[in-house]
Amino acid sequence: MTRIVNFAHGAFYMVGAYLAFTLTERLAGTWGFWGGILIAAAVVAVLGALLEIVLLRRIYRAPELFQLLATFGVTLMVQDIVVLIWGPEDLMGRRAPGFRGAVEIMGQLVPAYDLLLIVLGPTVLGLLWLLFHRTRWGVLVRAATQDRDMVAALGVNQKWLFTSVFALGVFLAALGGALQIPRDAVSHSMDLRIIVDVFVVVVIGGLGSVTGAFLAAIIVSELNAFGILIFPKISLVLVFLVMAVVLVIRPYGLFGKAEGAQRTSLGLSIRPWRPFTQAERIAVGAGVLVAASLPLFLGNYALTVGSEILVFVLFAASLHFMMTVGGLASFGHAAYFGLGAYGAAFMVKLFGAPMEVALLMGPLMGLVGAVLFGWFCVRLSGVYFAMLTLAFAQIAWSIAFQWVEVTGGDNGMLGIWPASWASKPAAFFWLVLGVVTVGVCILRVLVFSPFGFALRAARDSTLRSEAIGIDRRNVQWAAFIVAGTFAGIAGVLFAFLKGSVFPDNLGIPISVDGLVMVLLGGIETVSGAVVGAVVYKALAIWLMSQTEMSKLILGAVVVLLVVAFPKGIVGFLEDLRHRRRPASPPAGFKAAKVEAAE
Amino acid sequence: MKLEVSGLNSHYGPAHILFDVAFEVGAGEVVALLGRNGAGKSTTFRSVVGLVSQREGQIRFDGTDISRMPTYDIVRRGLGYVPEDRRIFTELTVEENFSVGLQPPRPGVATWTPERIYQLFPNLGEMRKRPGGQMSGGEQQMLTIGRTLMGNPSLVLLDEPSEGLAPKIVEQMADAILAMRKEGLSIVISEQNLHFAKLISDRAYIIEKGRMRFSGTMAELEANPEIRDAYLAV
Ligand SMILES: Nc1ncnc2c1ncn2[C@@H]1O[C@H](COP(=O)(O)OP(=O)(O)OP(=O)(O)O)[C@@H](O)[C@H]1O
Ligand SMILES: [Mg+2]
């Protein structure tokens, strides 16, 4: 019942840390310090309850993907708000009074505060256990987790039950953040870091198992500590190796239970598709021709913007392919985009390859990344699939960020310019237009290929598709790889467009951009992603030129979209279409059969 | 009248299930709602307690219109509901299941405690700490009824309490329902099992394909075997 909280938790963790920083600076003495930490957590819990009442209550009936997206939007907004209030610099908090020193254990100096945290963990866990097993509130929560309607039928107002559970979760997250301040700097990127850790822990421990999560948390922190001693550079990778092993042996984590089969689909009603009619083909061809003629009218800046929009058309189309056709909603699709961009940069910088070679080889990085990450991800489904893709994207991002010798870290890699024939904005625009058109066409052809049908069958019903001999995981893995490769192509084009690559190319904002484009355009046609990308990107570029607070606005847009279309934008578009064209014939007979059988 | 329902229409998505259903229950009465599989008995109960979102019509409980209230509000007014598929909380123990149903005492209505429920269903008293998932079907049925009684209802909707139970347990169930009636509770039971209904009820309604077809005393129903043959599977 607490699955909706997933993304916002990182934000609450961070706000807890910032608030605790401010309060412990203001309040003096030992009482001031510990009181400040508790007050910070309590204040954040109240904020969380307000968020639940104002926003989340409206969207409990929306598909899970949209709920996640909304909390995601909140997370983005909070990042900018935190910078507004506390500034962009990292803040060093006070040391904990009474726990400044270190204790010698078996010849090793261990900070006393770390020991305190080690004791605190099981204590909090024990208190939670008591709360859930020894109070009526806890019993009600456990009952509602199993059967909400029945709890209501026994006279319990579940709205307040949900709010209180949510507030408790927020309190714990904020407390966790507040307790970090004596150990670590407070920064506005700590929310994403902790989310990755939490996701890894949840996936290893088993979905919905508190014991599993606790055990996993210990494993992960041990690995981190131990890994940093032995392989300082690859401690992150080590954790992921463990996760990989666990997932191979126990796909639902150490203590998890198998999910119900119905979780496979996103809960979005997807209407039958059909290939373009003759008239539509002509219209699309005309559209491409119009685009191709733009360099005759537009200036250089406009053409650069146009190229960027086109790049995102391909990116959105690739995400759309795996989301809609494959039913795989990735929250970390930028990983493959960025890997493609870095692939191109490596070709140019490390091997001195010309643009043409980089164009061909760059996407291979996206492909390899998708092969590797996709293998793990397709083992999960639904929300947990989304979480894992996000975690992998964050890993890719941290590697690019930390491996300074090769990637240049935060400074990125510069001087990745196109070949001289394509260096003029007009020529580059044509190049991009050509590649993107071909790419989108291939994706569209794939939708209507036997592979596309197998993929849709796997999306709609795991059991049934397996009965007719489709190996769900392999089909979805293949789709993941296809999508990753095309995202990689988009990334390569982006690298040459900008002349540089940065870790942000793999970053969460680009993943979210992709999701919003797909949802905005309407999920049921490939052309939806194209339209969504054009509209959204044009809007975003215009907004960025107007304001500094881009994440705040982006987050607000995402939240508004979800609230305005609680059934999903798809549902909204479908309603509209139904009203306007009541008798649209179900062409694409085979597709209709596969999809209507659900 | 304790409960008055009239003009009740319910839908599941596009499917119209109940058509102008009407019935009433007096204080302290035991009324049977009879009908074949799929006739609409459960839908009627679910509509009364607000678990069917698409419902319209008049539903008055103790004189108050409850047709637009949320489920928890209806139940807190003393209208208890026992679902057909038991729906006990499998991870919770017997005692914990009871505590979910707990509501404050209601003036003028029998007050139930776990101890009193164990008197009604002695089997449950022997397994207070056992998780609901590890109980037999009959014990689970007793548990659902007990859980609803913990809310101190003045009227209970019992959906097929005898379904799938061994004859001996069915008898025990009938005794328990009669004991509840002695406490002054009004009871509506939905049944396909006419014999069970005869044991405990004063009056009966027959529903078929979402429409009320018969209303009368148990004696009248007995006197008209053709009605029974037309609408009930015997
Ligand atoms: N959730 C649902 N969605 C759609 N239709 C439903 C749903 N629940 C019940 N129905 C339909 O409503 C009709 C009435 O069902 P209901 O469960 O009320 O019958 P019933 O009289 O309780 O039958 P039974 O004796 O089998 O319990 C049936 O045709 C059934 O198929
Ligand atoms: Mg029924």
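As the structure is a computational prediction, the values presented were derived from the model and not from experiment.

1. A few points about the overall build of chain A
Part 1 of the argument: Scanning chain A for helices and strands turns up 25 helices and 4 strands.
Part 2 of the argument: Considering chain A as a whole, with its 598 residues, one finds that 53% of them fall into the buried category.
Part 3 of the argument: Counting contacts in chain A only where the partners sit at least 6 residues apart, residues at least 24 apart contribute 80% of the total.
Part 4 of the argument: When the accessible surface of chain A is split by element, carbon and sulfur atoms take 69% of a total near 26200 Å².

2. Points about the coordination of the magnesium ion (ligand 2)
All names here are of chain B.
Part 1 of the argument: Looking at the magnesium ion (ligand 2), one finds its protein donor set to be Ser42 (OG) and Glu84 (OE), positioned 1.9 to 2.4 Å from the metal centre. Within this pair, whereas Ser42 is found in helix H1 (residues 41-48), its partner Glu84 is found in the loop between strand S6 (79-82) and helix H3 (94-101), the two being separated by 42 residues in sequence.
Part 2 of the argument: Given the relative accessible area of 13%, Ser42 is considered buried.
Part 3 of the argument: By relative accessible area, which is 28% here, Glu84 ends up partly exposed.

3. With respect to the sheet that holds strand S9 (residues 203-208) of chain B
All names here are of chain B.
Part 1 of the argument: On the basis of which strands lie adjacent, the open sheet formed by 6 strands has the order S6-S7-S8-S3-S9-S10 and mixed pairing. A strand with exactly one partner marks an edge of an open sheet, and here the two such strands are S6 and strand S10 (211-217). Mean inter-strand twist for the sheet, computed between neighbouring axes without regard to direction, equals 15 degrees.
Part 2 of the argument: Of the strand pairs in this sheet, S6 and strand S7 (residues 155-159) are connected by 4 bridges, and their pairing is parallel. Opposite Gly80, over in S7, you have Val156 as the bridge partner.
Part 3 of the argument: Running at roughly 165 degrees to S6, helix H6 (residues 137-149) makes contact with S6 and S7 of the sheet.

4. Some thoughts on the packing of helix H1 (residues 8-26) of chain A against helix H7 (residues 158-180) of chain A
Between two packed helices, what matters for the description is the angle formed by their axes and the separation of those axes.
Residue and element names in this part refer to chain A.
Part 1 of the argument: Viewed as axis vectors pointing N to C, H1 and H7 meet at an angle of 50 degrees, and their least axial separation amounts to 7 Å. One way to sum up the angle between H1 and H7 is to call them oblique. When the axes of H1 and H7 are compared, the crossing they make is right-handed. Together, His9, Phe12, Tyr13, Gly16, Ala17 and Ala20 of H1 and Phe166, Gly169, Val170, Ala173, Ala174, Gly176, Gly177, Ala178 and Gln180 of H7 make up the contact between the two elements.
Part 2 of the argument: When grouped by side-chain class, the residues that make up the contact of H1 with H7 number 9 nonpolar, 6 polar and no charged.

5. Brief notes about the nonpolar core
Part 1 of the argument: Among the nonpolar cores identified, the biggest contains 167 residues, and A:Phe321, A:Phe331, A:Leu388 and A:Phe496 are the most heavily contacted of them.
Part 2 of the argument: Non-local contacts of A:Phe496, meaning those with residues more than four positions away in its chain, are made with A:Ala344, A:Val348, A:Met355, A:Ala358, A:Ile416, A:Trp417, A:Pro418 and A:Phe428.
Part 3 of the argument: In this structure, B:Ala110, B:Leu143, B:Met173 and B:Ile227 belong to the second largest nonpolar core, which totals 44 residues.

6. Points about the site of ligand 1
Residue and element names in this part refer to chain B.
Part 1 of the argument: Among the 13 residues in the neighbourhood of ligand 1, the closest are listed as Gly38, Lys41, Ser42, Thr43 and Glu160.
Part 2 of the argument: Separating an oxygen atom of ligand 1 from a side-chain N or O atom of Ser42 is a distance of 2.6 Å.
Part 3 of the argument: Relative to its free-state accessible area of 630 Å², ligand 1 is covered by the protein chains to the extent of 59%.
Part 4 of the argument: When residues in the shell around ligand 1 are grouped by element, the largest group, 3 residues, is from H1.
Part 5 of the argument: Counted by class, the shell around ligand 1 contains 3 nonpolar, 6 polar and 4 charged residues.

7. Brief notes about the sheet that holds strand S2 (residues 15-25) of chain B
Residue and element names in this part refer to chain B.
Part 1 of the argument: The strand order across the open sheet formed by 4 strands is S2-S1-S4-S5, and the pairing between neighbours is antiparallel. In this open sheet, the two strands that pair with only one neighbour each are S2 and strand S5 (64-65).
Part 2 of the argument: Pairing between strand S1 (residues 3-12) and S2: 7 bridges, direction antiparallel. For Tyr12, the partnering residue across the bridge sits in S2 and is Ala15.
Part 3 of the argument: Strand contacts of H1: S1, S2 and strand S4 (54-61), with the helix running at about 110 degrees to S1, the strand carrying the most contacts.

8. With respect to the interface of chain A and chain B
Part 1 of the argument: With 18 residues of chain A in contact, the opposing surface of chain B contributes 21 residues.
Part 2 of the argument: Between chain A and chain B lies a buried interface of about 1800 Å² when both sides are counted; carbon and sulfur atoms form 57% of it.
Part 3 of the argument: Between the two partners, chain A and chain B, sit 2 salt bridges.
Part 4 of the argument: The shortest N-O distance in the salt bridge between B:Glu96 and A:Arg142 comes to 2.6 Å.
Part 5 of the argument: Counting across the interface, chain A meets chain B through 11 residue pairs in polar contact (both at pLDDT 80 or more).
Part 6 of the argument: Sorting the residues of the side of chain A that touches chain B by element identifies helix H5 (136-146) and helix H6 (148-152) of chain A as the ones contributing at least two each.
Part 7 of the argument: Per element, the largest residue contribution to the side of chain A that touches chain B is 6 residues, and it comes from H5(A).

9. Remarks on the environment of A:Phe486
Part 1 of the argument: On the secondary structure map, A:Phe486 appears in helix H20 (residues 472-498).
Part 2 of the argument: Excluding its chain neighbours within four sequence positions, the residues that come into contact with A:Phe486 are A:Leu314, A:Ser318, A:Gly439, A:Ile442 and A:Leu443.

10. Describing the confidence of the model for chain B
Part 1 of the argument: Chain-level pLDDT for chain B is 93 on average; 100% of the residues reach the 70-or-more range.
Part 2 of the argument: As a predicted assembly, this complex carries a pTM of 0.78 together with an ipTM value of 0.92.

11. Remarks on H3(B)
Part 1 of the argument: Burial analysis of H3(B) places 7 of its 8 residues in the buried class, the great majority of the element.
Part 2 of the argument: Among the residues of H3(B), those classed as buried are B:Val94, B:Glu96, B:Asn97, B:Phe98, B:Ser99, B:Val100 and B:Gly101.
Part 3 of the argument: In the core, the buried residues of H3(B) are packed alongside helix H4 (112-134) and H5 of chain A together with helix H4 (114-120), helix H5 (122-125) and H6 of chain B.

12. Comments concerning the packing of helix H17 (residues 425-447) of chain A against H20(A)
Residue and element names in this part refer to chain A.
Part 1 of the argument: Across the interface, H17 lies against H20 with an axial gap of 11 Å and an inter-helix angle of 175 degrees. As far as their axial angle goes, H20 and H17 are roughly antiparallel. Across the interface between the two elements, Phe428, Val432, Val435, Val436, Gly439, Ile442, Leu443 and Leu446 from H17 touch Val482, Phe486, Ile489, Leu493, Phe496 and Leu497 from H20.
Part 2 of the argument: By residue class, the composition of the contact of H17 with H20 is 13 nonpolar, 1 polar and no charged.

13. Regarding unusual backbone geometry
Residue and element names in this part refer to chain B.
Part 1 of the argument: Although it is not a glycine, Asp62 adopts a positive phi angle of roughly 50 degrees.
Part 2 of the argument: Relative to the elements of secondary structure, Asp62 occurs in the loop between S4 and S5.
Part 3 of the argument: In this structure Asp62 comes out as partly exposed when scored by relative accessible area, which is 43%.
Part 4 of the argument: Phi at Glu160 is positive, roughly 45 degrees, even though this residue is not glycine.
Part 5 of the argument: Inspection of the secondary structure assignment puts Glu160 in the loop between S7 and helix H7 (167-182).
Part 6 of the argument: Residue Glu160 is classed as buried on the basis of its relative accessible area, which comes to 7%.

14. Topic: the packing of aromatic side chains
All names here are of chain A.
Part 1 of the argument: Across all of its chains, the model carries 21 aromatic pairs over all chains by this definition.
Part 2 of the argument: Here the aromatic rings of Phe312 and Phe494 are separated by 5.7 Å at their centres, their planes lie at 80 degrees, and the arrangement is edge-to-face. Here the residue Phe312 occupies a position in helix H12 (residues 300-325), and Phe494 occupies one in helix H20, the gap between them amounting to 182 residues. An identical accessibility class is assigned to Phe312 and Phe494; each is buried.
Part 3 of the argument: Geometrically, the ring pair formed by Trp375 and Phe376 is edge-to-face, given 5.2 Å between the ring centres and 85 degrees between the ring planes.
Part 4 of the argument: Its relative accessible area of 13% is what places Phe376 among the buried residues.
Part 5 of the argument: Members of the aromatic cluster, connected to one another through ring pairs, are Tyr336, Phe373, Trp375, Phe376, Phe385, Phe392 and Phe480.
Part 6 of the argument: Its end group placed over the ring of Trp160, Arg57 keeps NZ or CZ at 4.7 Å from the ring centre.

15. Section: the pattern of salt bridges
When the charged atoms of two side chains lie near each other, side chains of opposite charge can form a pair.
Part 1 of the argument: Evaluated as defined, the whole model comprises 17 salt bridges over all chains.
Part 2 of the argument: One salt bridge connects B:Arg203 with B:Glu29, and the closest N-O pair in it is separated by 2.5 Å. Of this pair, B:Arg203 sits in strand S9 while B:Glu29 sits in the loop between S2 and strand S3 (30-34), placing them 174 residues apart in sequence. The same class applies to B:Arg203 and to B:Glu29, which are both buried.
Part 3 of the argument: With its nearest N and O atoms 2.6 Å apart, the salt bridge here joins B:Arg116 to B:Glu183. Taken together, the positions of B:Arg116 in helix H4 and B:Glu183 in the loop between H7 and strand S8 (186-191) put the pair 67 residues apart, joining distant regions of the chain.
Part 4 of the argument: The class of B:Arg116 is partly exposed, set by a relative accessible area of 25%.
Part 5 of the argument: Here the salt bridges do not stand alone but share partners, grouping A:Glu308, A:Lys498 and A:Lys537 into one network.

Thresholds, definitions, all that
- Residues numbered from 1 in each chain as written.
- Chains lettered and ligands numbered in written order.
- Predicted model: local features only at pLDDT ≥ 70, side-chain atom pairs only at ≥ 80, totals over all residues.
- Heavy atoms only, no water.
- Helix = DSSP H or I, 4+ residues; strand = E, 2+ residues; numbered from the N terminus.
- Buried < 20%, exposed > 50% of the residue type's maximum accessible area, 1.4 Å probe, protein only.
- Contact = heavy atoms within 4.5 Å.
- Areas by Shrake-Rupley, 256 points an atom, 1.4 Å probe, with all protein chains shown as cover.
- Donors = N, O, S within 2.8 Å, 3.2 Å for Na, K, Ca; no water.
- Pairing = 2+ DSSP bridges.
- Axes fitted to C-alpha atoms, helices over the stretch in contact; angles between N-to-C directions.
- Parallel < 35°, antiparallel > 145°, perpendicular 65-115°, else oblique.
- Left-handed = near helix turned anticlockwise from the far one by under 90°.
- Nonpolar A, V, L, I, M, F, W, Y, C, P; charged D, E, K, R; others polar.
- Core = buried A, V, L, I, M, F, W, Y, C linked by side-chain atoms within 4.5 Å.
- Near = heavy atom within 4 Å.
- Polar contact = N/O pair within 3.5 Å; in protein donor to acceptor, adjacent residues only side chain to side chain.
- Buried area = accessible area lost by both parts, 1.4 Å probe.
- Salt bridge = Lys/Arg side-chain N within 4 Å of Asp/Glu carboxyl O.
- pLDDT = per-residue confidence, 0-100.
- Phe/Tyr/Trp six-rings, centres within 6.5 Å; stacked < 30°, edge-to-face > 60°.
- Lys NZ or Arg CZ within 6 Å of the ring centre and 35° of its normal.

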